Amino acid sequence: MKWKGVLALVVALFAIAAIPLNSVSAASNSSAPGEILIQPLPGVPAIGKPGDVVEIVPAEGVSIQSLQIISILNGPYDLQIVENENGVVKAKIPENAAPDVYFLVVKSDKGEITIPNGVWVMKENPKLLKIAHLSDLHVTSGAKIGFVCGDYFQKSLPEILQYCKHPYAMHSYTAEVSAMTYYAMTGLQGQDVVNLIISTGDDVDTSGDQEGYKMFDHGVLLGTAAGTPVISIKGNHDHPPVYYTKYLGPRYFYEVIGDFLIIGLDSRGEERHPEMEQLQWMEDVLKNHPNKTVIVLVHHPFWYSTPDGSWGGTIKGYTAFDDSDWEALTKFISWDWEGKNGEYDDIARYFLQLVEKYNVRLVLAGHIHKDKPVLYVDKDGNEHWFWTVTTTGAPDKTSNPPSEKDKARGYTTPSWYGSQVVYVYSNGSVEFPLAGDVLHEGISSLPVPQKFIVYRQNGEDGTAIKFVNELDQSVSGPIVLQVPEGAKVDPEHTNITYTVLGEREIGGNHYILLNITVPEGISQITAVKEADTKPPEVKIGYLTPSKPKPGQHFKVYITANDNVGIRDMKVQIIQDGKVIAEYPAFSMKPSLVASTYLTDIPGVDASQFTIKVIATDFHGNSAEATYEVSSTSTPTQTTTESQGSTCGPAALVALAILPAILRRRK
């Protein structure tokens, strides 16, 4: 490789791998949460009603000194420690605690931590769990980006530009924040479409990505601080649990929510199923909690196919307790559970026997980045739903529609961003209220976040959010802004309806809780300390290749920063003083205001031309950078700045009823 190629590669890798050191955290003051507590953690809260006693499990060698819960609107309340034996602290929720999802403030001899989603205080035991099912968020501190446009998804910008001129970038962190924001808005404090968010694993793309786990925890914070709790399990990308148990929760666990019992399992990494000891633990939990409506969470789906096909369907009239029935069932069971040669037969059979014996009504899974609904009806006529949802955050297997590269690799079934709403009643019945006929449609998940995208920017002087709402319906409900101290909502640069519900400092961070209505289309909200008149900083970093030949595809890398946030970035190709093409550019690290932006240029039929980059912030201030491309001379760059306003007084948008969520079409 020539030295110029090596230099370009080093520069590109440096830009992509740069770690966002000052982005987000798990709301801990110094220690990782798991260094103080085993449970609760941001992915596994303690749950109870006012007056109930909840269990707090400290890490080995940690002595808990005090416990307190606080939310933006309620508290703080001190939790009374009533017992401390065998490594478990039992603490009482105060009788006067208002129902909410609370930060848990823990003071110990090893330090103090503030855990979002630490304690969910319920008003009463629910008779219906309204679950927003997410999976495979694959949050990363790196630059994992897909591109969407309506129902379309592609893995590269040139491919998505075949379908539309104005695509949107979906970094895995953006996908998580979008889904958490949406289901918090439609959650307990909003329209009551859901009352619990569940994520079934692969929360982070790489198990050793500590910053990725901090980013995931921050996404959990943004949802739960607005009043909707989250429960998450581990996936194979979270294996081995280097940081998972420090930031999200234990490998496996159970939660009791009134008449409901939720069991979270760990199907591990390459093993792809729980070990026998874990299933024996599961049976002990089931024995000790009789007469509960049971929901099991596990990352790897149990079924591969049904008599109706590999996409899902119904399996009826068998039992895992009969040898001949079991032999017939094995042809439908995933190799992940059964093994290619039946080497894990005892584990797969034991699991299905537990499902039948204890009448598990719902098993939620992910992993395959596609929807797979399976209804298993045992010989006694009991219905057991096995629901697998597509990826919410990283459809990186097959595009929608499949690209030529996908087809060449043998992948013809598309992936897409999505989630699902599942209702489970205390009598055990299961419904999919927004999904239609799930057993007869290949794509049944909901287009959230693909058609409801939330771009959050947090700068030193303010906070801004850009909404993209393509659901054909306005969406109303609570939302949390994390803001610099002293920042207030700026009505002159906010074009959504909003009401400030409250604000508070928690764990050293400042939060504002709002009730908002997000209209159809593109809208924004900003909160600043003072009027923003400072333009962004923008510079074209480099091209790859550095001197593209006429008609040759090349990439443009841009460095940009702003004191509040950058709303839009576009790249123009100019020849003979005329704009001959324009392309969007997207942040490779959307959790940061100081980031590298990237765009793909399919080619320019000239050896000399100008690249102009225009960065615009949320207050209409803009900055430009130009880059002269020539095959014979050294590139030159200039920058200019301007100030302006792009958003008038806030538009009046009527509060909407239950949002009509569009079903995805093939």
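Residues numbered from 1 in each chain as written. Predicted model: local features only at pLDDT ≥ 70, side-chain atom pairs only at ≥ 80, totals over all residues. Heavy atoms only, no water.

## Observations regarding the overall build of the chain
Right, so step 1: Each helix and strand counted, the chain has 10 helices and 40 strands in total.
Right, so step 2: With respect to the principal axes defined by its C-alpha atoms, the chain has extents near 80 × 55 × 50 Å.
Right, so step 3: For the chain, with 666 residues in total, the buried portion stands at 60%.
Right, so step 4: Across the chain, the fraction of contacts at a sequence separation of at least 24, relative to all contacts at a separation of at least 6, is 72%.
Right, so step 5: Surface exposure of the chain reaches about 25300 Å², of which carbon and sulfur atoms provide 49%. (Helix = DSSP H or I, 4+ residues; strand = E, 2+ residues; numbered from the N terminus. Buried < 20%, exposed > 50% of the residue type's maximum accessible area, 1.4 Å probe, protein only. Contact = heavy atoms within 4.5 Å. Areas by Shrake-Rupley, 256 points an atom, 1.4 Å probe, with all protein chains shown as cover.)

## Some thoughts on the state of the cysteines
Right, so step 1: Inspection of every chain in the model, using the stated rule, returns one disulfide.
Right, so step 2: The disulfide that involves Cys149 links it to Cys164, with 2.2 Å between the sulfurs. Taken together, the residues span a long stretch of sequence, with Cys149 in strand β11 (residues 145–149) and Cys164 in the loop between α2 (157–160) and β13 (168–171) at a distance of 15 residues.
Right, so step 3: Residue Cys164 is classed as buried on the basis of its relative accessible area of 12%. (Disulfide = S-S within 2.5 Å.)

## Section: empty space enclosed by the protein
The gaps left among the atoms become clear once a water-sized probe is rolled over them.
Right, so step 1: Per the counting criterion, the structure on display carries one cavity of 30 Å³ or more.
Right, so step 2: Size it by volume and the largest cavity reaches roughly 60 Å³.
Right, so step 3: Every residue along the wall of the largest cavity is listed here: Val298, His300, Pro301, Phe302, Trp303, Val363, Ala365, Lys372, Val374, Phe386, Trp387 and Thr388.
Right, so step 4: Mapped by element, the contributors of at least two residues to the lining of the largest cavity are β20 (362–365), β21 (372–378) and β22 (383–388).
Right, so step 5: With three residues, the top contributor of residues to the lining of the largest cavity is β22. (1 Å grid on protein atoms, 1.4 Å probe; cavity = no way out; pocket = protein on both sides within 12 Å on 5 of 7 lines; lining within 4 Å. Points joined across faces, edges and corners; volume = space filled by probe spheres on them.)

## A closer look at the sheet that holds strand β27 (residues 475–483)
Right, so step 1: Within the open sheet, the three strands sit side by side as β27-β30-β29. Their pairing is antiparallel. Unpaired on one side and paired on the other, β27 and β29 (497–506) mark the two borders of the sheet. Taken over all neighbouring pairs, the strand axes of this sheet differ in orientation by 20° on average, direction set aside.
Right, so step 2: Sheet topology places β29 next to strand β30 (residues 509–518); nine bridges connect them, and they run antiparallel. The partner of Arg504 across the bridge, within β30, is Tyr511.
Right, so step 3: Along the sheet, helix α3 (residues 172–185) contacts β27 and β30; its crossing angle with β27, the most-contacted strand, is approximately 125°. (Pairing = 2+ DSSP bridges. Axes fitted to C-alpha atoms, helices over the stretch in contact; angles between N-to-C directions.)

## Some points on the packing of aromatic side chains
For any pair of aromatic rings, the description consists of the separation of the ring centres together with the inter-plane angle of the planes.
Right, so step 1: Per the stated rule, a full pass over the model turns up 22 aromatic pairs.
Right, so step 2: Arranged with centres 5.4 Å apart and planes meeting at 40°, the rings of Phe302 and Phe351 form a pair that is tilted. Residue Phe302 is located in the loop between β18 (293–297) and β19 (313–318), and its partner Phe351 is located in helix α9 (residues 345–357); the two are separated by 49 residues in the primary sequence. For the pair Phe302 and Phe351, one class covers both residues: buried.
Right, so step 3: Site record: aromatic cluster; members linked through ring pairs are Phe302, Trp303, Trp337, Phe351, Tyr376 and Phe386. (Phe/Tyr/Trp six-rings, centres within 6.5 Å; stacked < 30°, edge-to-face > 60°.)

## What about the packing of α3 against helix α4 (residues 210–224)?
Right, so step 1: Running from amino to carboxyl end, α3 crosses α4 at an angle of 20°, the nearest separation of the two axes being 8 Å. Classified by the interaxial angle, the pair formed by α3 and α4 is roughly parallel. Between α3 and α4 lies a crossing whose hand is right-handed. Here Tyr173, Glu176, Val177, Met180 and Ala184 of α3 lie close against α4, whose contacting residues are Met215, Phe216, His218, Gly219, Val220, Leu222 and Gly223. (Parallel < 35°, antiparallel > 145°, perpendicular 65-115°, else oblique. Left-handed = near helix turned anticlockwise from the far one by under 90°.)

## Considerations on the environment of Lys466
Right, so step 1: Looking at where Lys466 falls in the secondary structure, it is placed in strand β26 (residues 462–469).
Right, so step 2: In sequence terms Lys466 and Glu530 are 64 residues apart; their C-alpha atoms lie 19 Å from each other.
Right, so step 3: Leaving out residues up to four positions away in the same chain, Lys466 has contacts with Ile453, Val454, Tyr455, Ile522, Ser523, Arg567, Asp568 and Phe618.
Right, so step 4: A polar atom in the side chain of Lys466 sits 2.8 Å from the side chain of Asp568. (Polar contact = N/O pair within 3.5 Å; in protein donor to acceptor, adjacent residues only side chain to side chain.)

## Some thoughts on the side chain of Ser415
Right, so step 1: As for its placement among the helices and strands, Ser415 is situated in the loop between α10 (404–408) and β23 (420–425).
Right, so step 2: Ser415 sits in the buried class, given a relative accessible area of 0%.
Right, so step 3: Residue contacts for Ser415: discarding those within four places in its chain leaves Phe153, His369, Lys370, Pro395, Lys397, Thr398, Ser399 and Asn400.

## Some thoughts on the nonpolar core
Right, so step 1: Counting residues in each nonpolar core, the largest one holds 61 residues, and the members touching the most others are Tyr183, Phe452, Phe467, Leu481, Leu514, Ile516 and Ile525.
Right, so step 2: Sort the elements by how many residues they give to this core and α3 lands first, with eight residues.
Right, so step 3: Not counting chain neighbours up to four residues away, the residues in contact with Ile516 comprise Met185, Phe467, Val475, Ser476, Gly477, Ile479, Ile496, Thr497 and Tyr498. (Core = buried A, V, L, I, M, F, W, Y, C linked by side-chain atoms within 4.5 Å.)

## Considerations on the pattern of salt bridges
Right, so step 1: Scanning all chains against the criterion turns up 25 salt bridges.
Right, so step 2: Arg251 is the salt-bridge partner of Glu275, the closest N and O atoms lying 3.1 Å from each other. Of the two residues, Glu275 is situated in the loop between β17 (260–264) and α6 (276–288) and Arg251 in the loop between α5 (244–247) and β16 (253–257); the sequence distance between them amounts to 24 residues.
Right, so step 3: For Arg251, a relative accessible area of 26% translates into the label partly exposed.
Right, so step 4: Salt-bridge contacts for Arg272 lead to Asp336; the nearest nitrogen and oxygen are separated by 3.2 Å. Of the two residues, Arg272 sits in the loop between β17 and α6 while Asp336 sits in helix α8 (residues 335–338), which places them 64 residues apart along the sequence.
Right, so step 5: Of the residues examined, Arg272 reaches a relative accessible area of 33% and is grouped as partly exposed.
Right, so step 6: Asp336 sits in the buried class, given a relative accessible area of 13%.
Right, so step 7: Via salt bridges that share partners, Lys234, Arg251, Asp266, Arg268 and Glu275 belong to a single interconnected network. (Salt bridge = Lys/Arg side-chain N within 4 Å of Asp/Glu carboxyl O.)

## Focus: the layout of surface pockets
Right, so step 1: For the largest pocket, the calculated volume is near 1000 Å³.
Right, so step 2: As for the largest pocket, its lining consists of 34 residues, of which Tyr304, Ile368, Lys370, Lys372 and Lys397 are closest to the centre.
Right, so step 3: Tallied by class, the residues present in the lining of the largest pocket amount to 12 nonpolar, 11 polar and 11 charged.
Right, so step 4: What the second largest pocket holds in volume is close to 890 Å³.
Right, so step 5: Counting residues per element, the lining of the second largest pocket draws most heavily on strand β34 (residues 566–575), which supplies five residues.
Right, so step 6: Partitioned by chemical class, the residues of the lining of the second largest pocket number 22 nonpolar, 10 polar and seven charged. (Nonpolar A, V, L, I, M, F, W, Y, C, P; charged D, E, K, R; others polar.)

## Some thoughts on the domain arrangement of the chain
Right, so step 1: Domain annotation for the chain reports domain 1 (33–121), domain 2 (128–431), domain 3 (453–528) and domain 4 (537–630).
Right, so step 2: Placing a centre on the C-alpha atoms of domain 1 and another on those of domain 2 gives a separation of 27 Å.
Right, so step 3: Taken together, the contact between domain 1 and domain 2 spans 18 residues of the former and 25 residues of the latter.
Right, so step 4: The interface formed by domain 1 and domain 2 holds zero salt bridges in total.
Right, so step 5: The set of elements that each furnish at least two residues to the side of domain 1 that touches domain 2 consists of β1 (37–39), β8 (100–108) and β9 (111–121).
Right, so step 6: Classifying every residue of the side of domain 1 that touches domain 2 by side-chain character gives 12 nonpolar, four polar and two charged. (Domains from an automatic or database assignment.)

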